[in-house]
Amino acid sequence: MRVLVVKDEESLAEAIGAGLRRDAVTAETARDGREALAKLRLGGYDVLVLDRDLPGLHGDEVCRQVIGQRLLTRVLMLTSPGTVHHRPDAPGPGMGLGADDYLTKPFTHEELLARVLALGRRPRPVPAPVIAHAGVTVDTARGLAARDGRPLALSHTELGVLEVLLRARGAVVSGDDLIEEVWKEHTSYRTNAVRVTLGTLRAKLGDPPLIETVPGAGYRMTGGPDGGDGADV
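A quick note: this is a predicted structure, and the numbers were derived from the prediction, not measured.

Trainee: Outline helix α1 (residues 10–22), supporting the account with residue identities and numerical values.
Mentor: For an α-helix, 3.6 residues make a turn, and residues three or four places apart therefore share a direction. With 13 residues, α1 extends 18 Å between its outermost C-alpha atoms, agreeing within 8% with the 18 Å of an ideal straight helix rising 1.5 Å per residue. Looking only at α1, the buried set comprises Ala13, Ile16, Gly17, Gly19 and Leu20. For α1, the angular spread of the buried residues around the axis is 160°, confining them to a single face. Of the residues in α1, the exposed ones pointing more than 90 degrees away from the buried face are Ser11 and Arg22.

Trainee: Provide a residue-level description of the packing of aromatic side chains, including the pertinent values.
Mentor: With the rule as written, the count across this model stands at zero aromatic pairs. Its end group placed over the ring of Tyr45, Arg2 keeps NZ or CZ at 4.1 Å from the ring centre.

Trainee: So what about the sheet that holds strand β1 (residues 2–6)? Which residues, and what values?
Mentor: Read from one edge to the other, the open sheet built from five strands follows the order β2-β1-β3-β4-β5, with strand pairing classed as parallel. Of all strands in the sheet, those with a lone pairing partner are β2 (26–30) and β5 (101–104), marking the two edges. Taken over all neighbouring pairs, the strand axes of this sheet differ in orientation by 20° on average, direction set aside. Inspection of the sheet shows β1 paired to strand β3 (residues 47–51) by four bridges, in the parallel sense. Across the sheet, residue Val3 finds its bridge partner in β3, namely Val47.

Trainee: Tell me about the nonpolar core, residues and numbers included.
Mentor: The nonpolar side chains of a soluble globular protein tend to be buried, and buried together. With 29 residues, the main nonpolar core has Val161, Leu162, Leu165, Leu178, Leu198 and Ile211 as its most contacted residues. Mapped by element, the contributors of at least two residues to this core are β7 (136–139), α5 (156–167), α6 (175–183), α7 (190–205) and β11 (218–221). Of all the elements, α5 adds the most residues to this core, at six residues. Discounting chain neighbours no more than four positions away, the residues touching Leu165 are Val173, Leu198, Ile211, Tyr219, Arg220 and Met221. Membership of the second largest hydrophobic core comes to 18 residues, among which are Leu4, Leu40, Leu71 and Met77.

Trainee: Go over helix α3 (residues 59–68) with me, naming the residues and quoting the values.
Mentor: Among the residues of α3, Gly59, Asp60, Val62, Cys63 and Val66 are the ones counted as buried. What you see down the axis of α3 is that its buried residues fit within an arc of 160°, all on one side. The inward-facing, buried residues of α3 contact α2 (33–40), β3 and β4 (74–79). Downstream of α3 by one or two residues, Arg70 has phi in the positive range, about 55°.

Trainee: Describe the pattern of salt bridges, and please don't skip the residues or the numbers.
Mentor: According to the stated counting rule, one finds 17 salt bridges in the structure shown. Note that Asp51 and Lys7 form a salt bridge whose closest N and O atoms lie 2.7 Å from each other. Of the two residues, Asp51 sits in strand β3 while Lys7 sits in the loop between β1 and α1, which places them 44 residues apart along the sequence. Given a relative accessible area of 1%, Asp51 falls into the buried group. One salt bridge in this structure joins Arg167 and Glu163, with 3.3 Å as the shortest N-O distance. Of this pair, Arg167 and Glu163 are both found in helix α5, four residues apart, which corresponds to roughly one turn of the helix. Within the structure, one salt-bridge network assembled from shared partners comprises Lys7, Glu9, Asp51, Asp53 and Lys105.

Conventions used here
- Residues numbered from 1 in each chain as written.
- Predicted model: local features only at pLDDT ≥ 70, side-chain atom pairs only at ≥ 80, totals over all residues.
- Heavy atoms only, no water.
- Helix = DSSP H or I, 4+ residues; strand = E, 2+ residues; numbered from the N terminus.
- Expected span 1.5 Å × (residues − 1).
- Buried < 20%, exposed > 50% of the residue type's maximum accessible area, 1.4 Å probe, protein only.
- Arc of directions from axis to C-beta.
- Phe/Tyr/Trp six-rings, centres within 6.5 Å; stacked < 30°, edge-to-face > 60°.
- Lys NZ or Arg CZ within 6 Å of the ring centre and 35° of its normal.
- Pairing = 2+ DSSP bridges.
- Axes fitted to C-alpha atoms, helices over the stretch in contact; angles between N-to-C directions.
- Core = buried A, V, L, I, M, F, W, Y, C linked by side-chain atoms within 4.5 Å.
- Contact = heavy atoms within 4.5 Å.
- Salt bridge = Lys/Arg side-chain N within 4 Å of Asp/Glu carboxyl O.

Shown next as structure tokens:
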């Protein structure tokens, strides 16, 4: 099981993550909502442990975007005691936004672990088989890609890179993230493999260019009508 813990207090986020890892749960952390959404767009998280009281992008808005963008994860909202309604028919914090469960602070590690494991056992939504962006379509079920109706003869790694970039919906994807998602391992020569693969993929996609290099950060899809968002269909 893979869990993302989102809390602006780094020491507390790391403590929660360390506790989950002691119980054989793969746990990563993010310090704000924007970082969390960028990681979630890459996929692979079974549960999102989301602090509602985040500065900047509030936890409620993060939850809305998770649900609205169909980011495939279960959401456990961490909330302050004063935000809980005592009427039995009132939804818990975040539940009306699409969160799957909530936990009131303070809580014990055992309580958190039990909620996370329960959510992790629920079936995850099935991702849409076809991703589309700026005339590019990827049929993930059949392993086919096209641009403006023209079939693209892509290698397995080129198709994997294209799928990861499309699912990121215009967010920057680092070279390390591409290695982890497509090559599945971290080795020194893979960094060059990313550059080579992106070069051949860009050539096959043709003009106008759709993959932008963000110096020092990674790569992202451009060219959408709203500035880069893709859509599952």
